[in-house]
Amino acid sequence: EQVTFSTLEDWRRRDEAGIRYYSGKAVYRTTFDCASLDAKLRYFLSLGRVANIASIKVNHRDLGVAWCEPWRMGLPAGLLRDQGNELEIVVANLWCNRLIADSNLPPEQRLTWTTSNPFRADDALIESGLLGPVTIQALPSS
């Protein structure tokens, strides 16, 4: 399914059970402009906070995976354009929230199966998704 978020938010805070308990990947896409690019600066994409791992593409170029703080990726020189930059971030979370949700269901309705589930129905859900804020940062070139 496809859902449009108007702001970045924690999946566990959503009303829809399919998002709140979701385990897997979600794709975030947007476009942005950089009107005042300066060749004397190095640019970075900061993701703010991520739960739990993110792969990043800017203008269709794969920049790799951010898997820990500072959740920031260097942008190669010349990659950014004044207008119409395309950003794609694929975030994957852990399956804890799905296991917690399934603990509330009869076995025949569960979506997951594991030999050992350490989670219980009353466990707190964990943070999931792209939490941001996502920003472009600039530093002087060394």
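Notes on the structure follow.

1. Side note on the sheet that holds strand β4 (residues 53-58)
Reading across the sheet, the four strands line up as β1-β7-β4-β5 and stay open at both edges, with antiparallel pairing between neighbours. Two strands lie at the open edges of the sheet, namely β1 (25-32) and β5 (61-66), each paired on one side alone. Neighbour to neighbour, the strand axes of the sheet diverge by 15° on average, direction disregarded.

2. A short note on the nonpolar core
Here is a general trend for soluble globular proteins: nonpolar side chains tend to be buried in one another's company. Residues L47, I56, V58, L75, I89 and V91 are the most contacted members of the largest nonpolar core, which totals 23 residues. Counting only elements with at least two residues in this core, the list comes to β1, β2 (41-46), β4, β5, β6 (72-75) and β7 (85-92). Ignoring anything within four residues of it in the chain, the contact list for V58 reads L45, L63, L75, L79, L80, E86 and L87.

3. Comments concerning the sheet that holds strand β9 (residues 135-140)
An order of β6-β2-β9 is seen for the three strands of this open sheet, with the pairing classed as antiparallel. Whereas interior strands pair on both sides, the edge strands pair on one side only; in this sheet they are β6 and β9. Direction aside, neighbouring strands of the sheet carry axes that sit 30° apart on average. As defined by bridge partners, β2 adjoins β6 across four bridges and the pair is classed as antiparallel. When the bridges of β6 are listed, S46 appears paired with R72.

4. Some details on the side chain of N59
Residue position: N59 is located in the loop between β4 and β5. Within polar-contact distance, the side chain of N59 engages the side chain of R81 at 3.0 Å. A polar contact is formed between the side chain of N59 and the backbone nitrogen of E86, at a distance of 2.7 Å. When near neighbours in sequence (up to four residues on either side) are disregarded, N59 contacts L79, L80, R81, G84, N85 and E86.

5. Considerations on the packing of aromatic side chains
Within this structure, the stated rule accounts for two aromatic pairs. When the centroid spacing of 6.5 Å and the interplanar angle of 80° are considered together, the rings of F5 and Y28 count as edge-to-face. With F5 in the segment before α1 (17-20) and Y28 in strand β1, this residue pair connects regions lying 23 residues apart in the sequence. Given the relative accessible area of 22%, F5 is considered partly exposed. Residue classification places Y28 among the buried positions, given a relative accessible area of 14%. The side chain of R14 reaches across the aromatic face of F5, ending 4.2 Å from its centre. One residue, R72, lies across the ring of F44, its end atom 4.3 Å from the ring centre.

What counts, and where the lines are drawn
- Residues numbered from 1 in each chain as written.
- Predicted model: local features only at pLDDT ≥ 70, side-chain atom pairs only at ≥ 80, totals over all residues.
- Heavy atoms only, no water.
- Pairing = 2+ DSSP bridges.
- Helix = DSSP H or I, 4+ residues; strand = E, 2+ residues; numbered from the N terminus.
- Axes fitted to C-alpha atoms, helices over the stretch in contact; angles between N-to-C directions.
- Core = buried A, V, L, I, M, F, W, Y, C linked by side-chain atoms within 4.5 Å.
- Buried < 20%, exposed > 50% of the residue type's maximum accessible area, 1.4 Å probe, protein only.
- Contact = heavy atoms within 4.5 Å.
- Polar contact = N/O pair within 3.5 Å; in protein donor to acceptor, adjacent residues only side chain to side chain.
- Phe/Tyr/Trp six-rings, centres within 6.5 Å; stacked < 30°, edge-to-face > 60°.
- Lys NZ or Arg CZ within 6 Å of the ring centre and 35° of its normal.

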